[in-house]
Structure formats: structure tokens, C-alpha cells
Amino acid sequence: MATPDILRGFRRHLRLLRGLSPNTLEAYMHDVGKLLTWCAEAGRDPLLLRLDDLEEFSASLHDLGIASSTHARILCGVRAFYHYLEIDGYVEQDPSELLESPIKDKHLPEVLTTTEVDMLEKGIDLTKPEGHRNRAIIEVLFSCGLRVSELTSLTLSQVYEEEGYIRVTGKGAKERLVPISPAAIRELHLWYDDRRHMNIKPGEEDYVFLNRRGAHLTRTMILIMIKRLAAEVGIKKTISPHTLRHSFATALLEGGASLRVIQAMLGHERIGTTQIYTHIDMTTLRREVLEHHPRNKKD
């Protein structure tokens, strides 16, 4: 196992032999920590990993839909770690030598920074009837990492404000609990104030998000709204509602959340090529999200 002595030696190697800046050094340590956590959760010894194990770890990063640059940076830290382990004799051969960096996927939506998400929200005209609704949509997508289909089907009875969760119906009608941020709850309350004055169609009363005619929103409506808003505020990236889901995963990963926690939040059944059976206690999941998502961090 990677003992504290090994990690101290790796830190010293980065500082003295590679001459890394303090920020870059900490980034390497942070990224290697992701691999070590993945190993611990999978019951694997990092000193015994082979190339196929590292490729599985890399696949787990790809499955989260994080930015290619973030993915590549993490693998860079992993390679530096195994290069050190080989130099100091902890492993006979560096298993990361043939580990490939991700190829940028043309079809993968770009990732928005927290600042860009704020730009979207600030660009919304709150004097319009749909203003608070649209802000709530963006905040829930970014704070909870929902698929757009999960958002359009979300009902009032699935929102547990006091507990701080929403119950999401995902692919295959499978349900999961997702922590919701105080910021998202605040935006929902502002939307609810407007929603109360609407003429809602029979059978649509329980849907959270409605259009002007009192019926639940469609995926296309949300796509058009987000693309139009991005153009209005000057965001040049090609984005969609799914971009906010990828941005959510990237924000959590950059903040230090466990891959397993992000997997649970996104409703993924698999990480890499192996089925995951480990139970995640909901208290632990909520704590991780509160600690690592930028919407929950105090200034």
C-alpha cells in the first residue's frame, strides 16, 4: 500500500528533483490522492496495479464526463507517481508508461466554470414571468447534476427541502436521492412564488417546472432557453443542458470529492468496466457534496 512514508518521499521528489512550484506540487498530490481513494474503494493495492488497472481508473474519469484537460492532468500526476515508485524501487516496472491521455471528444459538451454559470444566471431578466423559473432550472442542473429528462419529470413531491434532497427518477425508472444545495432551494422558492399565480393544466399540478400554458416543460424548451441565454451573455462555448451536468461532475472532482460519490450523484451504475456494489451512506454523500461543490462553499 501507499504508506505516508511513500507519499512524503513522492512530495520530496516533486519538490527537490523536479522543481515543481508549490501549486503544481499540491495539484499532483491531490490528483494522486484520487487514484489512491479509487484503489481503496476497489480493494486494490496501488503498488500492485498493472496497466489495465490504470486504464480502468482512467475510464472511470471519462465516465464522469469531466473536461479532457482535467482528465489529462490527473493522469499526468499518476504517471509522475509511478515514475517515482520505480526510481525508488517500490515497483519493478512503471505500469503507467503506456497509459494514454484522453483524446478530446468532439461530441463531449464543453464544461462551464462556476463564473460562467453565474453569468448565465445574472443574464436572466427577472422581470419576465419565466425569469425565476429559468434561474431555478440552471441552478438545479448545476447543483444536482441532473439529466435534462430528470429535470423535466421532477415533481413537487420529489423535493424534500427540510432533508436537503430530491428524489430523482433516472434511466430505467431507477430512483436515487441527490443532495440539493441551499442556493438551489432558494431559487426554487422564488419560482414557486410565481408558480402559485399560474393557471395549471389538470394533471400537471405536481410538476416543478411549467411553461406559460401551465404544462410541464420539454427537453427542447430547456435546450433553446440555455443556448439563447449563453449567446446573450457572450459565452462562446457550444453548450446544452448536459453541459451543466458535466460541469457539476468536474466541479465536484476538482473540489476533491470521491469518484464513487460523483458516480452515485450522477446515477451511473458503472465506473470503468466493473460493476460497483459498495453502499454509500446518504449522510456521507451529502457531506461530500456540501464540502466539495462550489455552490456550498463559504466566501
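Each chain has its residues counted from 1, following the order in which its sequence is written. Reporting in this predicted model follows two pLDDT cut-offs: at least 70 for local features of residues, and 80 or more for side-chain atom pairs to be given and counted; totals over whole chains, interfaces and linings ignore these cut-offs and use all residues. In computing side-chain properties, one takes all heavy atoms of the structure into account and sets aside hydrogens as well as water.

Can you help me understand the pairing of strand β3 (residues 175-179) in this one?
Within a regular beta strand, the side chains point alternately toward one face of the sheet and then the other, so they alternate between its two faces. Strand pairing requires that DSSP identify at least two bridges connecting the strands. In DSSP terms, a helix is any run of H or I states spanning at least four residues, a strand is any run of E spanning at least two, and both are numbered starting from the N terminus. Note: strand β2 (residues 165-169) against β3, five bridges, orientation antiparallel. Pairing of Arg 167 across the sheet is with Leu 177, part of β3. Connecting the antiparallel pair β2 and β3 is a turn made up of five residues, with Gly 172 showing a positive phi of about 70°.

Would you mind showing me how to read the packing of helix α3 (residues 51-63) against helix α4 (residues 68-87) here?
Helix-helix packing is described using two parameters, namely the angle between the two axes and the distance between the axes. Orientation is described by lines fitted to C-alpha atoms, with helices fitted over the stretch in contact, and by angles between N-to-C directions that extend from 0 to 180 degrees. At their nearest, the axes of α3 and α4 sit 10 Å apart, and the two run at 160° to each other. Here α3 lies roughly antiparallel to α4, going by the angle between them. Read as a crossing pair, α3 and α4 show a hand that is right-handed. Only His 71, Ile 74, Leu 75, Val 78 and Tyr 82 of α4 make contact with α3, whose side of the interface consists of Leu 54, Phe 57, Ser 58, Leu 61 and His 62. Residue type decides the class: Asp, Glu, Lys and Arg count as charged, Ala, Val, Leu, Ile, Met, Phe, Trp, Tyr, Cys and Pro as nonpolar, and the leftover types, Gly among them, as polar. Of the residues assigned to the contact of α3 with α4, the class counts are seven nonpolar, three polar and no charged. Orientation labels follow simple angle bins: below 35 degrees gives roughly parallel, above 145 gives roughly antiparallel, 65 to 115 gives roughly perpendicular, and whatever is left gives oblique. Two helices cross in a left-handed way if the nearer one is turned anticlockwise from the farther one by less than a right angle. They cross in a right-handed way if the turn is clockwise. Contact criterion: two residues are considered in contact whenever any of their non-hydrogen atoms come within 4.5 Å of each other.

Could you clarify how one ought to interpret the nonpolar core in this entry?
The nonpolar side chains of a soluble globular protein tend to be buried with one another. Definition of nonpolar core: a set of buried residues of the types Ala, Val, Leu, Ile, Met, Phe, Trp, Tyr and Cys, connected through side-chain atoms within 4.5 Å. Classification of residues uses two cut-offs on accessible area relative to the type maximum, computed with a 1.4 Å probe and protein chains only: under 20% is buried, over 50% is exposed, and between them is partly exposed. Leu 35, Phe 57 and Phe 209 are the most contacted members of the largest nonpolar core, which has 79 residues in total. For Leu 35, the residues in contact, after removing those within four places along its chain, are Leu 49, Leu 54, Phe 57, Val 78 and Tyr 82.

Looking at this structure, I do not really get the side chain of Arg 135. What am I missing?
Inspection of the secondary structure assignment puts Arg 135 in helix α6 (residues 131-144). At a separation of 3.1 Å, a polar atom in the side chain of Arg 135 contacts the side chain of Glu 187. Not counting the four nearest positions on each side in its chain, Arg 135 is found in contact with Glu 121, Ile 124, Leu 126 and Glu 187. Between N or O atoms, a polar contact is any pair within 3.5 Å; within protein, one atom must be a potential hydrogen donor and the other a potential acceptor, and residues adjacent in sequence are included only when both atoms are from side chains.

I'm lost on the state of the cysteines in this one. Help?
Two cysteines form a disulfide when their sulfur atoms are joined by a covalent bond. We call a pair of cysteine sulfur atoms a disulfide when they lie within 2.5 Å. This model, assessed by the stated rule, comprises zero disulfides. Not part of a disulfide, Cys 76 finds its nearest cysteine sulfur in Cys 39, a span of 18 Å.

Remember that the coordinates give geometry; whether it matters functionally is a separate question.
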